[in-house]
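Here is what each chain is made of, one letter per residue.
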Amino acid sequence: MDIDSYRYIDKSINYEIPISHLNNIVQLVSTNEQLADYFYSKQKAFIDDIFNDFSMIFQKNRFNINNEYDRSIIAKNNKYTIKLFGESREYILSFENNKKSLKEFILHINPNESTFSALSRNCGWYINSNGNVSSYKEIQYNNEFLKEEIEKLRILKYKKIHAAKHIENLDFNIYLFKNKVLVGECENLKGVFDKITKL
């Protein structure tokens, strides 16, 4: 469902939830979203570095680089085509020779410490473009349900706040898969290529 399909639900949530519960949910969801944005900005910077490294590595080796799309880059010479593409935290690195696939790897981007996984966890609620609070799940209008939801949001908020205290030191690792089997854990794209050459 897109946000438009929540219009009626948003209205009913904001009118039927007691104001004290609604204020708690809005405050907790806002905090969760701010901390998640902080996490994703660090993740984006790491992924940007991967694509920049890809471009530099292959330009030095006299490949032509095409990065027409945001998360897709191709390096070509008269013999090989190397592609890196994907979204979110999963990317495919493929090697081709005359349009025949030679090798394909999956790069999965993960925080280097499990502490930070809380920062990417969805809290189940969001504030839409109209400023109304809404839920990704079916709503039950009773105080017990709302108290449970508020408690879950509060616990997640404190986990995120704890992780965010250390976010300046947050870094990511690249988990390298071939044929769905983990074959290495690398700090950067150079490490990925070093690992690939040994396989």
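The structure displayed is predicted, hence computed values, not measured ones.

A. Main features of helix 3 (residues 143-164). For helix 3, spanning 22 residues, the distance from its first C-alpha to its last is 31 Å, which sits close to the expected 32 Å at 1.5 Å a residue. Restricting attention to buried positions, one finds in helix 3 the residues Phe145, Leu146, Glu149, Ile150, Leu153, Leu156, Lys157, Lys160, Ala163 and Ala164. For helix 3, the angular spread of buried residues about the axis comes to 145 degrees, placing them on one side.

B. Here's a closer look at the nonpolar core. Residues Phe54, Leu84, Leu93, Leu107 and Val192 are the most contacted members of the largest nonpolar core, which totals 28 residues. At the level of secondary structure, the elements contributing two or more residues to this core comprise helix 2 (19-60), strand 2 (72-76), strand 3 (80-87), strand 4 (90-97), strand 5 (100-111), strand 8 (172-178) and helix 4 (189-198). With seven residues, the single largest contributor to this core is helix 2. Other than its neighbours up to four places away in sequence, Phe54 contacts Ile73, Ile74, Ala75, Ile82, Leu84, Leu93, Leu189 and Phe193. Leu28, Cys123, Ile150 and Leu156 belong to the second-largest nonpolar core, a separate cluster that totals 11 residues.

C. Highlighting unusual backbone geometry. Phi is positive for Ser88, close to 55 degrees, though the residue is something other than glycine. Locating Ser88 in the fold gives a position in the loop between strand 3 and strand 4. On the accessibility criterion, Ser88 (53% relative accessible area) is exposed. In this structure, Lys180 is a non-glycine residue whose phi angle is positive, near 65 degrees. Structurally, the position occupied by Lys180 is in the loop between strand 8 and strand 9 (181-186).

D. Expanded view of the environment of Lys180. Look at Lys180 and you get exposed, because its relative accessible area is 79%. Sequence spacing of Lys180 and Ile106 is 74 residues, and the spatial spacing of their C-alpha atoms is 7.9 Å.

E. Layout of the packing of aromatic side chains. All chains considered together, the criterion is met by nine aromatic pairs. Note on Phe51 and Tyr91: the rings are 5.7 Å apart at their centroids and 75 degrees apart in plane angle, and the pair reads as edge-to-face. On the criterion of sequence distance, the pair formed by Phe51 in helix 2 and Tyr91 in strand 4 is long-range, its members being 40 residues apart. We classify Phe51 as buried; its relative accessible area is 8%. A relative accessible area of 3% places Tyr91 in the buried class. An angle of 50 degrees between the planes, with centres 4.8 Å apart, marks the rings of Phe54 and Phe58 as tilted. Residue Phe54 and its partner Phe58 are both found in helix 2; the two are separated by four residues, about one turn of the helix.

Rules behind the numbers
Residues numbered from 1 in each chain as written. Predicted model: local features only at pLDDT ≥ 70, side-chain atom pairs only at ≥ 80, totals over all residues. Heavy atoms only, no water. Helix = DSSP H or I, 4+ residues; strand = E, 2+ residues; numbered from the N terminus. Expected span 1.5 Å × (residues − 1). Buried < 20%, exposed > 50% of the residue type's maximum accessible area, 1.4 Å probe, protein only. Arc of directions from axis to C-beta. Core = buried A, V, L, I, M, F, W, Y, C linked by side-chain atoms within 4.5 Å. Contact = heavy atoms within 4.5 Å. Phe/Tyr/Trp six-rings, centres within 6.5 Å; stacked < 30°, edge-to-face > 60°.

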